[in-house]
Amino acid sequence: MNRDFIAKHWYASVYEQFENQTHDVEFLLKVLREQTDGKPQNILEVACGGGRICVPLAQAGHTVTGFDADEQMLLRCYRRMRGLKNIRCYQADAVSEDWGSGFDVVVLAGNILINIQTETAYQDAQRLFIAKAAKALRTGGHLYLDFDLHYDPSAVFHDAGEGSFFEGTDELGTYGKIVFYGSVYNPVTQICAGVNHWELTANNGEKLIIPNRWYKHIPTQQQVYDWLAEAGFSIERTYLNFTDKPLPVPIPKETYRATIWARKD
Ligand SMILES: C[S@@+](CC[C@H](N)C(=O)[O-])C[C@H]1O[C@@H](n2cnc3c(N)ncnc32)[C@H](O)[C@@H]1O
């Protein structure tokens, strides 16, 4: 049995079943309408996954390019984009490969800044994503950056709790869930790390345990603002928790999400 295929297919399917919210996509569409006078844009979505964001962008009339490293996610995206002529998607690694150039808008949404898969030092990869976004934009183009931001990351990411999530069955009949045993947050390095495993039963009854270690760098507001300035962006508009309220500096206690609209100078 191809364990890798079974596991990645299952993950892409349950990701689509559970991560299917639309409020962030509607918010992105609203910001685009307001900030670009409703004119169709040439948009790049980096790490487009199964197309939750890039397909509605194309349905709204934008010309869309998306790419993602995960082929099982992309197969779902291809299915969703069938019949749409103004979208193309392909497989690429965002860290090592070129993003193209001349786009009106680069979208780094769906919290990709905190979900980069890479062997590169995490903080360097986050900074690189912002630098690469600048390179992919035409002068005067815009970055839409949407990510989790917390007043006190240790309160969110330092967690001894055990539990499970994404319990479900895919189209191949693989049933499973992700079981976790907590995470630790180091306030000096701003690294959060944890262990979990995927507990799967394939359709022939075979059981698979896939161990998983993960870590992320949790950036501060100031770090992100510095990376943007360094890459040649001017922040034109910020949004707190998917509302029209701007993001104050420093962020208030109730902050959980930051959205930034920044112009490439
Ligand atoms: C949290 S999902 C978001 C997917 C989609 N944008 C959404 O909001 O539904 C993160 C996606 O980023 C992709 N990804 C992570 N690191 C990547 C990398 N280095 N290059 C390309 N894609 C990457 C994963 O394969 C996954 O599909």
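J.: With reference to specific residues and values, describe the overall build of the chain.
T.: When helices and strands are counted, the chain shows seven helices and eleven strands. Compactness check: the chain gives a C-alpha radius of gyration of 19 Å against a globular reference of 18 Å for 265 residues, within 12% of the reference. Along the first, second and third principal axes, the C-alpha set of the chain runs to 55 × 50 × 30 Å. The buried share of the chain, reckoned over its 265 residues, is 49%. Here the chain displays about 12,800 Å² of accessible surface, and carbon together with sulfur accounts for 51% of that area. The averaged location of the 33 negative side-chain charges in the chain is 4 Å from the averaged location of its 26 positive side-chain charges.

J.: I'd like a rundown of the domain arrangement of the chain, residues and numbers included.
T.: Taken domain by domain, the chain comprises domain 1 (3-151 + 218-264) and domain 2 (153-216). Here the C-alpha centre of domain 2 lies 23 Å away from the C-alpha centre of domain 1. Where domain 1 abuts domain 2, roughly 2,200 Å² becomes buried across the two surfaces, and 67% of that area is made up of carbon and sulfur atoms. The largest contributions to the domain 1 side of the interface with domain 2 come from R3, W10 and I218, which together make up 35% of the buried area.

J.: Would you mind going over the sheet that holds strand β7 (residues 175-186) in detail, with residue names and values included?
T.: The strands making up a sheet associate through hydrogen bonds between their backbones, and the pairing can be parallel or antiparallel. Reading across from one edge, β6-β7-β8-β9 is the order of the four strands in this open sheet, with antiparallel pairing throughout. Each of the sheet's edge strands pairs with one partner strand only, and the pair in question is β6 (163-169) and β9 (207-217). Here the strands of the sheet are splayed against their neighbours by 20° on average, with no regard to which way each runs.

J.: Pulling in residues and values, what's your account of the pairing of β7?
T.: Pairing of β6 with β7 involves five bridges; the strand directions are antiparallel. Its bridge partner being in β7, T169 is matched across the sheet by Y175. The loop that links β6 with its antiparallel partner β7 comprises five residues; one of these, G173, has a positive phi angle of about 85°. As paired elements, β7 and strand β8 (residues 191-201) share ten bridges and run antiparallel to each other. Residue F180 lies in a different strand from β8, and its bridge partner there is N196. As consecutive antiparallel partners, β7 and β8 are separated by four residues, and within that stretch Q190 has a phi angle of approximately 60°, a positive value.

J.: How would you sum up the packing of helix α5 (residues 122-136) against helix α7 (residues 221-230)? Please name residues and give values.
T.: The description of two helices packed together rests on the angle between their axes and the distance between the axes. It is at 9 Å that the axes of α5 and α7 come closest, and there the two elements cross at 45°. As summarised for this structure, α5 and α7 are arranged oblique, according to the angle between their axes. Handedness of the crossing formed by α5 with α7: right-handed. The residues of α7 that touch α5, namely those facing Q123, Q126, R127 and I130, are Q223, V224, W227, L228 and E230. Its residues assigned to classes, the contact of α5 with α7 shows four nonpolar, three polar and two charged.

J.: Give a description of the site of the ligand that names residues and reports values.
T.: Surrounding the ligand, one finds 20 residues, the nearest of these being A47, R52, D68, A94 and Q117. Here A69 contributes a backbone N or O atom positioned 3.2 Å from a nitrogen atom of the ligand. Between the ligand and A94, the relevant distance is 2.8 Å, taken from a nitrogen atom to a main-chain nitrogen or oxygen of the residue. In the complex, 95% of the free accessible area of the ligand, which totals 590 Å², lies under the protein chains. Its residues assigned to classes, the shell around the ligand shows eleven nonpolar, four polar and five charged.

J.: Describe the sheet that holds strand β10 (residues 233-240), and please don't skip the residues or the numbers.
T.: In spatial order, the strands read β3-β2-β1-β4-β5-β11-β10; together these seven strands make up an open sheet with mixed pairing. Each end of this open sheet is capped by a strand with a single partner; those strands are β3 (87-91) and β10. Taking each pair of neighbouring strands and ignoring which way they run, the sheet shows an average axis angle of 15°. Bridge count for strand β4 (residues 103-108) against strand β5 (residues 137-148) is five bridges, and the pairing is parallel. Its bridge partner lying in β5, L108 is registered against L145. Against the sheet, helix α2 (residues 23-35) makes contact with β1 (42-46), β4, β5, β10 and β11 (257-264), and its axis sits at roughly 150° relative to β5, the strand it touches most. Across the sheet, α5 touches β1, β4, β5, β10 and β11, and the angle it forms with β5 is around 150°.

Procedures and definitions
- Residues numbered from 1 in each chain as written.
- Predicted model: local features only at pLDDT ≥ 70, side-chain atom pairs only at ≥ 80, totals over all residues.
- Heavy atoms only, no water.
- Helix = DSSP H or I, 4+ residues; strand = E, 2+ residues; numbered from the N terminus.
- Rg over C-alpha atoms; globule rule 2.2 N^0.38 Å.
- Buried < 20%, exposed > 50% of the residue type's maximum accessible area, 1.4 Å probe, protein only.
- Areas by Shrake-Rupley, 256 points an atom, 1.4 Å probe, with all protein chains shown as cover.
- Lys, Arg positive; Asp, Glu negative; His and termini not counted.
- Charge placed at Lys NZ, Arg CZ, Asp CG, Glu CD.
- Domains from an automatic or database assignment.
- Buried area = accessible area lost by both parts, 1.4 Å probe.
- Pairing = 2+ DSSP bridges.
- Axes fitted to C-alpha atoms, helices over the stretch in contact; angles between N-to-C directions.
- Parallel < 35°, antiparallel > 145°, perpendicular 65-115°, else oblique.
- Left-handed = near helix turned anticlockwise from the far one by under 90°.
- Contact = heavy atoms within 4.5 Å.
- Nonpolar A, V, L, I, M, F, W, Y, C, P; charged D, E, K, R; others polar.
- Near = heavy atom within 4 Å.
- Polar contact = N/O pair within 3.5 Å; in protein donor to acceptor, adjacent residues only side chain to side chain.

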